[in-house]
Amino acid sequence: DSVCGLYALLNALTRADPALHKATRKAMFRDAMRWLHDQGHMPGVLYDGLDLKLIAALFHAVIRPRRKTLRLKRPFWSKRPADMESFCARLNELASAPGQAVIIGIAGKTWSHWTVLDEITPAWIKFRDSAHIDWLSRRSCDLPGEGQADAMNPVEVMLIRNIRPA
């Protein structure tokens, strides 16, 4: 759906900060929707979704003031992986570390979606996803421009890190 970026952000918080209560996440969702409205992004995001810059802005405006131990980084911004194998290996390292969560953008031929990486196995890429996109075949995924059905762009990866995990 069009607010998958917001859902991905909240799902990532649950993984990075397991002590975060459901009531707090609901309040953050409500505050995020209000912030999007107040900043003039509504109803546009309901039609077009959220881009990376808007997800980062939401994090800094709505999430970080409530959870000061959380940080948002873009691990592939300045150093792109050489190939899909090295990209998947690094993603798995990031996703498996305690107090961390990886938000990733996936683009199919006719769709795009933000989700949270759960793990990468030799056969599957598994997600923690509000739209129930639980996995993709690893064979169907590649870096942008490599010709596969589903592209995972390193530039569209965000790492949420809790500097004091529980």
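Up top is the structure these notes are about.
Scope of this entry: the structure provided in the associated data block. All values derive from a computational prediction rather than experimental measurement. (Residues numbered from 1 in each chain as written. Predicted model: local features only at pLDDT ≥ 70, side-chain atom pairs only at ≥ 80, totals over all residues. Heavy atoms only, no water.)

**Some thoughts on helix α4 (residues 52-63)**
Item 1. With 12 residues, α4 extends 15 Å between its outermost C-alpha atoms, agreeing within 8% with the 16 Å of an ideal straight helix rising 1.5 Å per residue.
Item 2. Looking at α4, one finds that the buried residues are Leu52, Leu54, Ile55, Ala56, Leu58, Phe59, Val62 and Ile63.
Item 3. Along its buried surface, α4 packs onto α1 (4-16), α2 (22-38), α3 (44-48), β1 (70-73), β3 (112-120) and β7 (150-162). (Helix = DSSP H or I, 4+ residues; strand = E, 2+ residues; numbered from the N terminus. Expected span 1.5 Å × (residues − 1). Buried < 20%, exposed > 50% of the residue type's maximum accessible area, 1.4 Å probe, protein only. Contact = heavy atoms within 4.5 Å.)

**Considerations on the nonpolar core**
Item 1. If you look at the biggest cluster of nonpolar residues, it comprises 32 residues, and the most contacted ones within it are Leu9, Leu13, Leu58, Ile63, Ile103, Trp114 and Ile160.
Item 2. Sorting the residues of this core by element identifies α1, α2, α4, β1, β2 (100-107), β3 and β7 as the ones contributing at least two each.
Item 3. In terms of nonpolar packing, the next biggest core, distinct from the first, is built from 20 residues, Leu91, Ile104, Ile106 and Leu143 among them. (Core = buried A, V, L, I, M, F, W, Y, C linked by side-chain atoms within 4.5 Å.)

**Looking at the pairing of β2**
Item 1. For β2, the buried fraction is high: seven of the eight residues fall into the buried class.
Item 2. Pairing of β2 with β7, which is carried by seven bridges, proceeds in the antiparallel orientation. By the bridge assignment for β7, Gln100 is matched with Arg161.
Item 3. Of the strand pairs in this sheet, β2 and β3 are connected by six bridges, and their pairing is antiparallel. Bridging across to β3, Ala107 finds its partner in Ser112.
Item 4. Connecting the antiparallel pair β2 and β3 is a turn made up of four residues. (Pairing = 2+ DSSP bridges.)

**What to know about unusual backbone geometry**
Item 1. In this structure, the amide linkage connecting Met42 to the following residue, Pro43, adopts the cis form with an omega of 0 degrees.
Item 2. For Pro43, the position within the fold is in the loop between α2 and α3.
Item 3. Unlike most non-glycine residues, His132 shows phi in positive territory, near 65 degrees.
Item 4. One can find His132 in the loop between β4 (124-128) and β5 (135-137).
Item 5. The class for His132 is exposed, based on a relative accessible area of 65%.

Limitation: the analysis is restricted to geometry and does not speak to function.
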